[in-house]
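# Descriptive structure summary
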Amino acid sequence: MKYKTFTKKERVLLYLLILLIYTVLLVSFFNAFIDVNEKRIHVFDTLLEWFLYVFLVMVFSGFLLSLANSFHELNEDRLILRFGILGFMHIRYSDISAISEYNEKDIPFGGMRILKNTCYMAFAKRSLVKIELKKKVRVYYLFFFKRWVDTAIFSVDKREEFIKELN
């Protein structure tokens, strides 16, 4: 079963942010090229800058889309925790020692952080779940880096239902 990382309101907010970024890109793109054509400036220099700008906007919006569409998955033999392109981890059910709601508000500020053998995967300080492991599990983050952790704290949309099914 799949459980979303963000609530519906948070996902809509991320989608609107992406739409706003594309709108700003489109408006500024047209304004700049109209200005370039009126002043007869070297178009090739401007094109190189715009290709870089468009590339960076695409990467940033891809990052936001991956976050908006990320989910945690309960498979037959393991739990897969995903946090967009920031990272993921696979936890076998046999490696889980304790599952609990995490209500403390002292988590690091947003995103994915690995501190003292604990992996934090949350932007909001609501609906958090804490999983303690019997042995260390590998966490992959930013596609290139690997770390070993023995505790995972993450947010999930339907916390009670998720914990019930995981138990």
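The structure reproduced in this document is the subject of the present report. For clarity, every value in this text was computed on a predicted model and none was experimentally measured. (Residues numbered from 1 in each chain as written. Predicted model: local features only at pLDDT ≥ 70, side-chain atom pairs only at ≥ 80, totals over all residues. Heavy atoms only, no water.)

### Here we look at the overall build of the protein chain
Within the protein chain, the secondary structure is distributed over 3 helices and 9 strands. Going residue by residue from the N terminus, the α and β elements of the protein chain occur as β-α-α-β-β-β-β-β-β-β-β-α. Compactness check: the protein chain gives a C-alpha radius of gyration of 20 Å against a globular reference of 15 Å for 167 residues, more than 25% above the reference. Going through the 167 residues of the protein chain one by one, you find that 38% of them count as buried. (Helix = DSSP H or I, 4+ residues; strand = E, 2+ residues; numbered from the N terminus. Rg over C-alpha atoms; globule rule 2.2 N^0.38 Å. Buried < 20%, exposed > 50% of the residue type's maximum accessible area, 1.4 Å probe, protein only.)

### Describing helix 3 (residues 159-166)
Listed as buried for helix 3 are Arg159, Phe162, Ile163 and Leu166. The buried side chains of helix 3 occupy one side of the element, clustering within an arc of 95° when seen end-on. Across from the buried face of helix 3, at angles greater than 90 degrees, the exposed residues are Glu160 and Lys164. As for helix 3, its buried residues are in contact with strand 1 (2-4), strand 2 (71-74), strand 3 (78-83), strand 5 (96-102), strand 8 (128-141) and strand 9 (145-155). (Arc of directions from axis to C-beta. Contact = heavy atoms within 4.5 Å.)

### A few points about unusual backbone geometry
The phi dihedral of Lys116 is positive, around 50°, even though this residue is not glycine. Position of Lys116 among the secondary structure elements: in the loop between strand 6 (111-115) and strand 7 (118-122). Phi at Asn117 takes a positive value of approximately 60°, unusual for a residue other than glycine. With relative accessibility at 30%, the residue Asn117 sits in the partly exposed group.

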